[in-house]
Amino acid sequence: MAQDTARQPPPTAPTAPARALLPLILPSVTVGIVTSLVFVGVSTAAEKLQHVLWGPLPDALGVGRYSVLWMFVVLFATGVAVGLVVWKVPGHAGPDPATLGLDAPVLPPRVLPGLLIAVGLMLAGGPSLGPENPIIAVNVGLAMWLGQRLVPRTPDALWPVLAEAGTIGALFGTPVAAALVISESLAGRPLRGRLWDNLFAPLTAAACGAITTTLVARPTFDLGLPPFGHARWGDVVAALVIALAAALLGMCAVYVFPFVHAVFRRLRHPMLMLPAGGLVLGALAAVGGHLTLFKGLTEVGELARDPGGWSAGQFAAMAVVKLAALVVAASCGFRGGRIFPAVFIGAALGLCAHALVPAVHPAVGVATGVLGMLLAITRQGWVSLFTAAALVASPAVLALLCIASLPAWLLVTGRPQMQLHPDGTPIR
């Protein structure tokens, strides 16, 4: 009798009835659309300012758009401008960005305007950070504030999940990324009902965020690399080596991160930390060139359009400079995320491998380089796999990515992350 009981499978969680899920549709759709519009609005405003700062303004002054002098001037001025926001605007543009990841805290409404201004200035001025972390934080705070007032009967815990999912869907232009992130965050938690019941509302928000961004901005992640056919043994070896090398380089940055952060914290005041960071970023841009500026998504497309246009040494130099710029920008107080710069770094490493060994297919090099770098920098397995696969749009690469992710994950798991506790110690 005891043996029969032991052999019985665990009880299956009951599926939620439709009447329990239907009330979630309207809030999810609304949050998804609003999060996308916030993201597109900030990105569009930043792009317009970027066009002025790096186009008509230096032309009118008779200075080269990407001359060393102009890169120093703009990055220093960006540090001053963001420093003023952090210093003077109510809420101080939120907490230390080195302590934030994709799972943003719920910030009070007074913090959100300053955070939006800070991220917009950062995106336009050239520091090597993306918009994801601050935009998620803004949307989470906005969703909570509006949701509590407009739909008070809805559980408060729902709004941050919807806002995070909607923003991730908007950022990547597809709800798949958000579903993977939410699934990963639900792992190990006690769930009420089936997994798909718990994903129903976030997936709805992510789908609406993604389709809104697609209709309004038409984003694409496909780099247009030469198509990859059937995998060979050499491709498997290349994928393993490149992913491990990228993860190892990323972990070097992770270990350096708290020390660089501590150096900038000793300056104590945002009007010292951020301008100093801008000067360091200007020096790095002078070494790496203008392609190592900004969040990196447009710039990685420029690299991919001409994989043979740079030598292996130039690709390696851009990867190292971009990684150093990411560490500095995230340490000195600029508000931004780390995913998009990590994509540039991984892609540059993959193209470096292709330049060194032409037998390495560019799609394999880029995808596995991005995979290894993202695993080290973000510690988000699903997002790393999805982003790497989306860049090359070759289904045959997916199996290589899954194989390459295993040793790369063994290298990074259990080690410090590129995110700090409020006291400055690394999160594991």
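Residues numbered from 1 in each chain as written. Predicted model: local features only at pLDDT ≥ 70, side-chain atom pairs only at ≥ 80, totals over all residues. Heavy atoms only, no water.

Engineer: I keep staring at the overall build of the protein and nothing clicks. Help me out?
Structural biologist: Of the regular secondary structure elements, the protein holds 18 helices and zero strands. Computed over its C-alpha atoms, the radius of gyration of the protein comes to 22 Å, within 12% of the 22 Å expected for a compact globule of 428 residues. Along the longest, intermediate and shortest principal axes, the C-alpha atoms of the protein span 80 × 55 × 40 Å. Burial status across the protein gives 54% buried among its 428 residues. Partitioning the intrachain contacts of the protein with sequence separation of at least 6 by distance along the chain shows that 76% fall at a separation of at least 24. For the protein, the exposed surface amounts to about 18600 Å²; the carbon and sulfur share of it is 69%. (Helix = DSSP H or I, 4+ residues; strand = E, 2+ residues; numbered from the N terminus. Rg over C-alpha atoms; globule rule 2.2 N^0.38 Å. Buried < 20%, exposed > 50% of the residue type's maximum accessible area, 1.4 Å probe, protein only. Contact = heavy atoms within 4.5 Å. Areas by Shrake-Rupley, 256 points an atom, 1.4 Å probe, with all protein chains shown as cover.)

Engineer: What should I look at first to understand the packing of helix α13 (residues 297–305) against helix α15 (residues 339–356) in this one?
Structural biologist: Packed helices, taken two at a time, are described by the angle their axes make and the gap between the axes. In contact at an axis separation of 9 Å, α13 and α15 are set at 15 degrees when each is read in the N-to-C sense. Taken together, the axes of α13 and α15 lie roughly parallel to each other. α13 and α15 meet at a crossing whose hand is left-handed. Within the contact between the two elements, α13 uses L297, E299, V300, L303 and A304 and α15 uses F340, V343, F344, A347, A348 and L351. Residue classes in the contact of α13 with α15 are distributed as 10 nonpolar, no polar and one charged. (Axes fitted to C-alpha atoms, helices over the stretch in contact; angles between N-to-C directions. Parallel < 35°, antiparallel > 145°, perpendicular 65-115°, else oblique. Left-handed = near helix turned anticlockwise from the far one by under 90°. Nonpolar A, V, L, I, M, F, W, Y, C, P; charged D, E, K, R; others polar.)

Engineer: So what exactly am I meant to see when it comes to empty space enclosed by the protein here?
Structural biologist: Regions of empty space are outlined by a rolling probe, equal in size to a water molecule, passed over the atoms. Evaluation of the coordinates by the stated rule reveals two cavities of 30 Å³ or more. The computed volume of the largest cavity comes to approximately 70 Å³. A93, G94, P95, P97, L100, L107, L115, N133, P134, A137, R335 and G336 are the residues that line the largest cavity. Residues of the lining of the largest cavity, tallied by class, amount to eight nonpolar, three polar and one charged. Its volume calculated, the second largest cavity comes out at about 50 Å³. (1 Å grid on protein atoms, 1.4 Å probe; cavity = no way out; pocket = protein on both sides within 12 Å on 5 of 7 lines; lining within 4 Å. Points joined across faces, edges and corners; volume = space filled by probe spheres on them.)

Engineer: Where do I start with the pattern of salt bridges in this structure?
Structural biologist: Two side chains of opposite charge can pair, provided their charged atoms sit close to one another. Overall, the coordinates contain two salt bridges when judged by the stated rule. Between D59 and R65 there is a salt bridge whose closest N-O contact spans 2.6 Å. For R65, a relative accessible area of 40% corresponds to the partly exposed category. Ionic pairing is found between R265 and D96, a salt bridge with its closest N-O pair at 3.9 Å. (Salt bridge = Lys/Arg side-chain N within 4 Å of Asp/Glu carboxyl O.)

Engineer: Just to check I follow, could you spell out the layout of surface pockets for this structure?
Structural biologist: Considering only enclosed or pocket space, the second largest pocket measures out at about 620 Å³ in volume. Taken together, 28 residues line the second largest pocket, and the ones lying closest to its centre are E47, P219, K295, L297 and T298. Breaking the lining of the second largest pocket down by element, the ones donating at least two residues are α3 (25–53), α8 (158–172), α10 (195–217) and α13. Considering every element that reaches the lining of the second largest pocket, the biggest residue donor is α3, with seven residues. The class makeup of the residues in the lining of the second largest pocket is 15 nonpolar, seven polar and six charged.

Engineer: What's the story with the nonpolar core in this structure? I'm lost.
Structural biologist: One recurring pattern in soluble globular proteins is that nonpolar side chains are buried together. W54, F172, L281, L303, F334, V370 and M373 are the most contacted members of the largest nonpolar core, which has 131 residues in total. Looking at this core element by element, the count peaks at 13 residues for helix α14 (residues 312–332). Setting aside its immediate chain neighbours within four residues, L281 contacts L75, P127, A325, V328, A329 and F334. (Core = buried A, V, L, I, M, F, W, Y, C linked by side-chain atoms within 4.5 Å.)

Engineer: For this particular structure, what's the right way to read helix α18 (residues 396–412)?
Structural biologist: Quick reminder: α-helices carry 3.6 residues per turn. Residues three or four places apart thus point the same way. Spanning 17 residues, α18 covers 25 Å between terminal C-alpha atoms, matching the ideal 24 Å at 1.5 Å per step. If you look at α18, its biggest bend is around 30 degrees, right at L406, and the proline P407 turns up within four residues after that. Among all positions of α18, only V397, L400, L401, A404, S405, A408 and V412 are buried. (Expected span 1.5 Å × (residues − 1). Bend = angle between axes of the 7 residues up to and from the residue.)

Engineer: Is there a simple way to think about the packing of α3 against α8 in this case?
Structural biologist: Closest axis-to-axis distance for the α3/α8 pair is 8 Å, and the angle between their directions is 50 degrees. Judged by the angle between their axes, α3 and α8 are oblique. In this structure, the crossing between α3 and α8 has a hand that is right-handed. Contacts between α3 and α8 involve P27, S28, V31, G32, T35, S36 and F39 on the former and, on the latter, W159, L162, A163, G166, T167, A170 and L171. For the contact of α3 with α8, the class distribution of residues is eight nonpolar, six polar and no charged.

Engineer: What am I meant to see in α8 here?
Structural biologist: End to end, α8 covers 22 Å across 15 residues, agreeing with the expected 21 Å (1.5 Å per residue, within 8%). With respect to burial, α8 is a largely interior element, 14 of its 15 residues being buried. Directly after α8, the chain includes G173, whose backbone phi takes a positive value near 70 degrees.

Engineer: Can you help me understand unusual backbone geometry in this one?
Structural biologist: Negative phi is the rule for most residues except glycine; trans is the rule for most peptide bonds. One non-glycine residue, R268, lies in positive phi territory at about 70 degrees. Given the relative accessible area of 74%, R268 is considered exposed. One non-glycine residue, F294, lies in the positive phi region at around 65 degrees. One can find F294 in the loop between α12 (270–288) and α13.

Engineer: Teacher, can you tell me more about the environment of G125 here?
Structural biologist: Inspection of the secondary structure puts G125 in helix α6 (residues 112–125). The contact partners of G125, leaving out residues within four places of it in the chain, are L53, W54, V74, L75, T78 and F294.

Engineer: Sorry if this is basic, but what is going on with a nonpolar patch on the surface here?
Structural biologist: Residues I33, L37, I211, L215 and V216 make up a contiguous nonpolar surface patch of roughly 460 Å² in combined accessible area. Of all the secondary-structure elements, those providing two or more residues to the nonpolar patch are α3 and α10. Topologically, I211 is positioned in helix α10. The exposure class of I211 is partly exposed, given its relative accessible area of 46%. (Patch = residues over 30% accessible without salt bridge, like charges linked within 9 Å, V, L, I, M, F, W, Y side chains within 5 Å.)

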